[in-house]
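Examination of the molecular architecture
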Amino acid sequence: MPIVKGNQLIIAVLALSLFCIISGELRFFLGLPLNVRWVIGLTEFGANLLIGIYGVATSYRIAWSAYLVLSVVGFVMVSAATPISALWLTLKLL
């Protein structure tokens, strides 16, 4: 099993967050049916959880565990796939 470094996971989180923010801002998926947009959002959230679970296997277990908790809270509270996109959405709404 290849060892994943923390820096690679951070880059993956930033790329996923950027995709979520850009797709939300530019309304890429506005013409799609609601159930398709729902599947895309859940896929983004699932990818974020997988990244967080891989992060728990690194030496920064506590930080990645906190990231997983923030991910779930952000998804439940504002329906955002990543904590960064949740923060973006919250600041935009304020």
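The structure presented is a predicted model; accordingly, all values stated were derived computationally and were not measured.

1. Side note on the overall build of the chain
Of the regular secondary structure elements, the chain holds four helices and zero strands. Starting at the N terminus and walking to the C terminus, you meet the elements of the chain as α-α-α-α. Relative to the globule expectation of 12 Å for 94 residues, the C-alpha radius of gyration of the chain, 14 Å, shows essentially globular dimensions. In the chain, 55% of the contacts between residues at least 6 apart in sequence involve partners at least 24 apart. Roughly 6,600 Å² of accessible area belongs to the chain as shown, and the carbon and sulfur atoms make up 76% of that amount.

2. Looking at the environment of Val73
Within the fold, Val73 resides in helix α3 (residues 61–78). The spatial distance from the C-alpha of Val73 to the C-alpha of Ala86 is 9.3 Å, given a sequence separation of 13 residues.

What counts as what
Residues numbered from 1 in each chain as written. Predicted model: local features only at pLDDT ≥ 70, side-chain atom pairs only at ≥ 80, totals over all residues. Heavy atoms only, no water. Helix = DSSP H or I, 4+ residues; strand = E, 2+ residues; numbered from the N terminus. Rg over C-alpha atoms; globule rule 2.2 N^0.38 Å. Contact = heavy atoms within 4.5 Å. Areas by Shrake-Rupley, 256 points an atom, 1.4 Å probe, with all protein chains shown as cover.

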